Amino acid sequence: PAELIELIQTLNPTNNPGRLAVIVRMGADNLRERLPLLLRAVRDAGQKVTWVCDPMHGNTEVMNGYKTRRYENIRAEVEAFFDVHEQEGTIPGGIHLEMTGKDVTECTGGGSSVSGEDLGDRYDTYCDPRLNAEQSLELSFYIAQRLRQRRNAGRG
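A. Here's a closer look at the sheet that holds strand E6 (residues 107-108). Taken in spatial order, the 3 strands of this open sheet run E3-E4-E6, and their pairing is mixed. Bordering the open sheet on either side are strand E3 (60-63) and E6, each of which pairs with just one other strand. Across 2 bridges, strand E4 (residues 66-70) lies against E6 in parallel orientation. Bridge pairing in E6 places Arg70 opposite Thr108. Helix H3 (residues 71-88) contacts E3, E4 and E6 of the sheet and is inclined by roughly 45° relative to E4.

See below:
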């Protein structure tokens, strides 16, 4: 946490709100364990940052020779991100996703039930695996539900 505070103070010496985003990509289990410590340290230091979750890069693996991500792990990290912010009374500021509106088979799981054996069917990415249209919508509806819950609970 001390290194993060030092970086924040160096990059935003006047502590301007909205100037600095801290992107966390740890995997769901690590996020639940480590993010609370970072949130508290930044809050206690009086620093103003926007917290962003990148559930894609902390959940990349190789399956059947393809670089992929499991939808369930991505969703679990997003869920952990919201849960930890709720527990700490802080604001989840954003989510970074890699997705396409196409019916690709680059990430497994979700409602589209893409399996490891399906990866080669429509693996079109030139770089990182993306959520397909159905997986993207499924995750977007989950995020919308969590935002509605926050709003209804009066937490912004």
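Anyway, onward from the coordinates.
B. Fine view of the pattern of salt bridges. Within this structure, the stated rule accounts for 13 salt bridges. When the shortest N-O distance is used, the salt bridge between Arg40 and Glu88 registers 2.7 Å. Here the residue Arg40 occupies a position in helix H2 (residues 28-44), and Glu88 occupies one in helix H3, the gap between them amounting to 48 residues. What makes Glu88 buried here is its relative accessible area of 13%. Glu86 is paired through a salt bridge with Arg146; the nearest N and O atoms lie 3.6 Å apart. Here Glu86, found in helix H3, pairs with Arg146, found in helix H4 (residues 133-152); they are 60 residues apart in sequence, far enough to count as distant. Classification of Arg146 as buried rests on a relative accessible area of 7%. In the salt-bridge network here, residues are joined through shared partners; they are Arg32, Asp83, Glu86 and Arg146.

Basis of the calculations
Residues numbered from 1 in each chain as written. Predicted model: local features only at pLDDT ≥ 70, side-chain atom pairs only at ≥ 80, totals over all residues. Heavy atoms only, no water. Pairing = 2+ DSSP bridges. Helix = DSSP H or I, 4+ residues; strand = E, 2+ residues; numbered from the N terminus. Contact = heavy atoms within 4.5 Å. Axes fitted to C-alpha atoms, helices over the stretch in contact; angles between N-to-C directions. Salt bridge = Lys/Arg side-chain N within 4 Å of Asp/Glu carboxyl O. Buried < 20%, exposed > 50% of the residue type's maximum accessible area, 1.4 Å probe, protein only.

Remember, this is a structural readout, not a statement about activity or role.
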